[in-house]
Every structure is written in structure tokens, then in C-alpha cells.
Amino acid sequence: MTKTSPENSQHPAVARDTAVVAAGRPPREHDQPVNLPITLTSTYFGRTPISGEDRAYGRYSNPTWDGFEETLGELEGAELPALVYSSGMAAVAAALSLVPAGGTLIMPRHSYQGSLVLAQEEAQLGRYTLLTVDITDTDAVIHEIQNSQSALLWLESPTNPMLEIAEVEVLTKAAHDAGVLVIADNTFSTPLVQRPLEAGVDIVLHSVTKYLAGHSDVVLGALVTSQVDLRERLHTYRSHHGAIAGPFETWLALRGVRTLAVRIERSQASALELAGRLQQHAEVKAVRFPGLPEDPGHERATAQMDGFGSILCIEVRGGEAAADAVIDAVRLWTPATSLGGVESLIERRRRHRSEAVTVPANLLRLSVGIENVEDLWSDLDQALRAI
Ligand SMILES: *Cc1c(COP(=O)(O)O)cnc(C)c1O
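Residues numbered from 1 in each chain as written. Predicted model: local features only at pLDDT ≥ 70, side-chain atom pairs only at ≥ 80, totals over all residues. Heavy atoms only, no water.

Asks: Hey, could you run me through the site of the ligand in this one?
Replies: Inspection of the region around the ligand gives Ser87, Gly88, Met89, Tyr112, Asn160, Asp185, Thr187, Ser207, Thr209, Lys210, Val219 and Leu220 as its neighbouring residues. Met89 places a polar main-chain atom, nitrogen or oxygen, 2.8 Å from an oxygen atom of the ligand. Between Thr209 and the ligand, the recorded distance is 2.6 Å, taken from a side-chain N or O atom to an oxygen atom. If the ligand stood free it would expose 380 Å²; the protein chains cover 92% of that surface. Its residues assigned to classes, the shell around the ligand shows four nonpolar, six polar and two charged. (Near = heavy atom within 4 Å. Polar contact = N/O pair within 3.5 Å; in protein donor to acceptor, adjacent residues only side chain to side chain. Areas by Shrake-Rupley, 256 points an atom, 1.4 Å probe, with all protein chains shown as cover. Nonpolar A, V, L, I, M, F, W, Y, C, P; charged D, E, K, R; others polar.)

And the structure:
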């Protein structure tokens, strides 16, 4: 794994799977707590004129945020701490504020549906033009980048839930050549699997709710950038719009990050194993998973990721009703939306009315957790046989 050594970190340069444990701790001084305390305060003592360096007020800064923000910044290879938000969607809303007024937002047609729905709403209000693209078609996306006046490029790779792979570095370079800012939603991969900032992307977005916090018990978001001016702008926006994270939730997220490397290692291995077995299953029409050599995104994923993630999708034979029958029959897998927790979740995505109609009605999205893979397999197998 790549070594990380941001200027401000207190520990020596270490691998990322060490940094998840070592980063964002209190100073290594006598009788300091080993874990960052939860600071519950809305305001801070102060008498002198307030500068950007001061904590001042609870909507501008919090010591518990600092530990999480330093850790995530370091993991993404950023030169600055991340910014934590009250939800992934709060981070999406803040990021969309950077689309130039009257400009064009270029977004994958299979982006996370919440991001797409918000962008559609803002476009309808006349803030900007929304252009949805097939993000796997590099030439077509570059054409749109070059032909749009003042644009912003939104990347998601793999996309949710179609698991399409974008050529992140090539698209980012083309965008920068055209003066276009690039934002990448890295929720599915986490910095242990993919680091878009290293490919030149300007801002990385996370739904911290998912893998980073990892236990399906908090809703949080984050943005990460190495650019001082952009971080300043986003920090001001967060302070003014008020979508700030609770200190307790942020503490839970940092606690979750401590085990990120072992969780990802386990769930990725299980996802690969399950994808291979599901390919052979009589009731499965198709498996989508970039880790499979037959997958259309396999070559790109191998080139730009350190793994393939732990989300896979299957198309069930027998259509929508058969897919719903699988959901009814599972006893270990949890039928629920969301992903990235220790427990394995399964969902027919088109049960959301806002999901893109190009997502097949018989598609089940599986978020592979950290249970024993044989238990996960036998539950899926019996549910598929029950159709
Ligand atoms: C869940 C999710 C979001 C939204 O995050 P919330 O924490 O639910 O607000 C954004 N992007 C992706 C890829 C997601 O999976």
C-alpha cells in the first residue's frame, strides 16, 4: 500500500491500513486520552477579534470533527483535512453549489439517485443545465466537456447500482484542459480501494454513512480537497448553510474508520467469491461486478483501483417478481437500502420510484458484509432456489 505523510500528521509515514488506526489521535503526551474525546459545546471562550484560525462557534468548528477530518484527508492523500457534513446528501448539495450559475453539470446517468434527483431539481429551477451521460463512453463525455461552456464534471466509478467504470484520469485531464472542475463520489470504493485525488480530481465526496462509518448506525458525509481556496469556499458554505455534523456521530464515524482496512479486506474477498459462484447459478441471468474478468469494467478497474469493492449486482431470472421473491426468502441477508455496513444488505433497486428506468427491474444490489462467506452463500442459494 502507498505510504502517506501529510505535513500536519503526528505519526510517521505509514501505510494506509496503519493510518486508519493511527491518524487523528490526541497528542502523544502524558495522560492525554488515547481516543479523541467527544466535545459537546456550541461556543468557545473568546475576547479578541475573531479570525479564521479561531474555533469561535460550534457551527464553524469542533475538535471532534478535527480527528475525523484529519484522518480522512490523510487517507485520501489530500494535503488538507476533509470537511465533515451532516449527511452524504449535505456534502452533495455543498458540492453542487460549485456548478457555475447558468453553466452545465455533466453527470453519469447512473449516479446515486439522490444526487441525480437533487441535480434535476436545481436544473428545473434554472440554476444550471444538467447533462446526463454514459460515463463509460470516454470519447462522448470528452466531447460534452469540450462543447459545454463553464461546466462541472461529476464522476462516480463504479456507478450506483450499475457498477460501470469511468476512466477517471483521462476524463479529469480532459476536464482540466477545458477549465472544468471535477468532483468524484468515492463512497463505493473508500480511499483504501481508489484515490481520485491522485488521478487529479479536485474534490472527493463520501457518504460517510456507508463504509467509512461502517456499522449502519450514523448518517454523515464528507468532502476532501487539496486546494486551499476550494476548501475555504466549502468551509464557508458549510458554516452559512449549517449542514454540520453532530460530534457524537463524528466520533462514531472515526471509531468505525479504525477497522476500515480489515472490513474492506474481508468483504472484498467475499464479494469476489460470491460473484464467481452466482455467475454459475441457474436462477441468475447476469452478474455485474468489476472483479469478474468478463465484466465490461474489469480492465479499467484493474488499472485504476486497488481492488473491486464489495458491492455486486445480480439480475434474477424470472423478472421483478422473482427478484422480490428472493428478497422475501433471505434469512441472513438483510433486505434494506444502503450499503457498506458490517451486515450484508440486499435490495431490489427499482423499488425506489426515483431509480433510473435504465436499471433493470430484476436487478438486486448486494452489499457484502463481513459475515462468514459460506453462510452468506447458503442463504443466497436457498433464497434463489425458493423462486
Ligand atoms: C448513500 C449515498 C449518498 C448519499 O449519502 P447519505 O449519507 O445517505 O446522505 C451519496 N452517494 C452515494 C454513492 C451513496 O451511496
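Asks: How do you make sense of the layout of surface pockets when you look at a structure like this?
Replies: To find the voids left in a structure, one rolls a probe of water-molecule size over its atoms. In this structure, the largest pocket encloses a volume near 700 Å³. Along its surface, the largest pocket is lined by 24 residues, and Gly52, Tyr60, Ser61, Arg231 and His235 are the ones closest to its centre. The element contributing the most residues to the lining of the largest pocket is helix H8 (residues 228-241), with eight residues. Grouping the amino acids of the lining of the largest pocket by side-chain chemistry returns seven nonpolar, eight polar and nine charged. (1 Å grid on protein atoms, 1.4 Å probe; cavity = no way out; pocket = protein on both sides within 12 Å on 5 of 7 lines; lining within 4 Å. Points joined across faces, edges and corners; volume = space filled by probe spheres on them. Helix = DSSP H or I, 4+ residues; strand = E, 2+ residues; numbered from the N terminus.)

Asks: Could you clarify how one ought to interpret the side chain of Arg348 in this entry?
Replies: Locating Arg348 in the fold gives a position in strand E13 (residues 345-348). For Arg348, the side chain forms a polar contact with the main-chain oxygen of Ala361, separated by 2.9 Å.

Asks: What exactly am I supposed to notice about the packing of aromatic side chains here?
Replies: Here a ring pair, both rings aromatic, is described through the centre-centre distance and the interplanar angle of the planes. With the rule as written, the count across this model stands at two aromatic pairs. Relative to Tyr60, the ring of Tyr57 lies with its centre 5.8 Å away and its plane at 70 degrees, an arrangement referred to as edge-to-face. Aromatic side chains Phe248 and Trp251 sit 6.2 Å apart centroid to centroid with 15 degrees between the ring planes, which places their arrangement in the stacked category. One end of the pair, Phe248, and the other, Trp251, are both in helix H9 (residues 247-257), three residues apart, so they sit about a helical turn from each other. Residue classification places Phe248 among the partly exposed positions, given a relative accessible area of 43%. (Phe/Tyr/Trp six-rings, centres within 6.5 Å; stacked < 30°, edge-to-face > 60°. Buried < 20%, exposed > 50% of the residue type's maximum accessible area, 1.4 Å probe, protein only.)

Asks: I would appreciate a short explanation of the nonpolar core in the present structure.
Replies: Across soluble globular proteins, you tend to see nonpolar side chains buried next to one another. Within the largest apolar cluster, 43 residues are counted, with the highest numbers of intra-cluster contacts made by Val20, Phe68, Leu72, Val208, Val224 and Leu260. Among the secondary structure elements, those contributing two or more residues to this core are helix H1 (16-22), helix H2 (63-75), helix H7 (190-193), strand E9 (221-225), H9, helix H10 (260-279) and strand E11 (311-316). Here this core spans two domains, since at least three of its residues come from each of domain 1 (3-257) and domain 2 (260-385). When residues no more than four places from it in sequence are discounted, the contact partners of Leu260 are Val20, Thr190, Leu192, Tyr211 and Leu212. The next biggest cluster of nonpolar side chains, apart from the first, holds 28 residues, and it includes Ile314, Trp333, Val368 and Leu376. (Core = buried A, V, L, I, M, F, W, Y, C linked by side-chain atoms within 4.5 Å. Domains from an automatic or database assignment. Contact = heavy atoms within 4.5 Å.)

It is worth stressing that arrangement in space is one thing and function is another; only the former is reported here.
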